[in-house]
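# Structure assessment
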Amino acid sequence: MAFALGFGVWDLGFALYKSRMATPDLRYPIGEFRLSATTTPATRSDAIAAIAALPEQMRAAVSGLSESQLDTPYRPDGWTVRQVVHHVPDSHLNAYIRLKLAITENNPTIKPYDQEAFAQLPDQRLPIDVSLSLLDALHARWTTVLRALTPDQYARPLVHPEIGQITVDYLVHHYAWHSRHHVAHITRLREREGW
Ligand code: NI
């Protein structure tokens, strides 16, 4: 009986897994962010490499898109490609300042922002080259600080009012995920549309 029940639960889990595979969640093309229980020098250097690669990867992801393609939502009811490109430096400017606060202050509380409201501001309709250039400059400075972090600095605490107590390690791994996440919104749209 216990065996039959166990098998039934496994079967249901597999059915859910299959249905999720059949209808991928377009919001999370690489899955949602989870900080691994064990972060290591290898996961940190992989994360910093992902952040360093983002400006070039974003440029490649949007290469050759027309104005009307840039103004296409990456999913129904989602941001347009242009809004995604402008959102990433909005987010990463905050990330850069959060990192600097965490390594220069004692357990600072950082400031969340309303990303949906930011995405409606007039600068979100600028040509994407403006944000691609901003990413080049920002990531050059950000990765300079990231690459010099010491093991002690990865453990430095900060408070995100919506998440709670986190560390620099969380920031580094989160923004690596965030870089890949938004590039995938655009590359998956291009795959689906055959662009
Ligand atoms: Ni984002």
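Residues numbered from 1 in each chain as written. Predicted model: local features only at pLDDT ≥ 70, side-chain atom pairs only at ≥ 80, totals over all residues. Heavy atoms only, no water.

## Brief notes about the packing of aromatic side chains
Under the counting rule described, the total for this entry stands at four aromatic pairs. With centroids separated by 6.1 Å and ring planes inclined at 50°, the aromatic side chains of Phe33 and Trp177 adopt a geometry described as tilted. Residue Phe33 is found in the loop between helix 1 (2-22) and helix 2 (41-62), and its partner Trp177 is found in helix 8 (residues 168-193); the two are separated by 144 residues along the sequence. The two residues Phe33 and Trp177 agree in class, both being buried. Geometrically, the ring pair formed by Trp142 and Tyr175 is edge-to-face, given 5.9 Å between the ring centres and 70° between the ring planes. Of this pair, Trp142 sits in helix 6 (residues 128-147) while Tyr175 sits in helix 8, placing them 33 residues apart in sequence. A single burial state applies to Trp142 and to Tyr175, both of which are buried. Taken together, the aromatic side chains of Phe33, Tyr170 and Trp177 make up a single cluster linked through ring pairs. We note Arg44 situated over the ring of Tyr154; from NZ or CZ to the ring centre the distance is 4.2 Å. (Phe/Tyr/Trp six-rings, centres within 6.5 Å; stacked < 30°, edge-to-face > 60°. Helix = DSSP H or I, 4+ residues; strand = E, 2+ residues; numbered from the N terminus. Buried < 20%, exposed > 50% of the residue type's maximum accessible area, 1.4 Å probe, protein only. Lys NZ or Arg CZ within 6 Å of the ring centre and 35° of its normal.)

## Side note on the nonpolar core
The nonpolar side chains of a soluble globular protein tend to be buried with one another. Counting residues in each nonpolar core, the largest one holds 24 residues, and the members touching the most others are Leu99, Trp142, Leu146, Leu149, Val168 and Val172. At the level of secondary structure, the elements contributing two or more residues to this core comprise helix 2, helix 4 (81-104), helix 6 and helix 8. Looking at which element gives the most residues to this core, the answer is helix 8, with seven residues. Not counting the four nearest positions on each side in its chain, Leu99 is found in contact with Trp142, Val145, Leu146, Leu149, Val168 and Leu171. In this structure, Met58, Ala61, Leu135 and Leu189 belong to the second largest nonpolar core, which totals 19 residues. (Core = buried A, V, L, I, M, F, W, Y, C linked by side-chain atoms within 4.5 Å. Contact = heavy atoms within 4.5 Å.)

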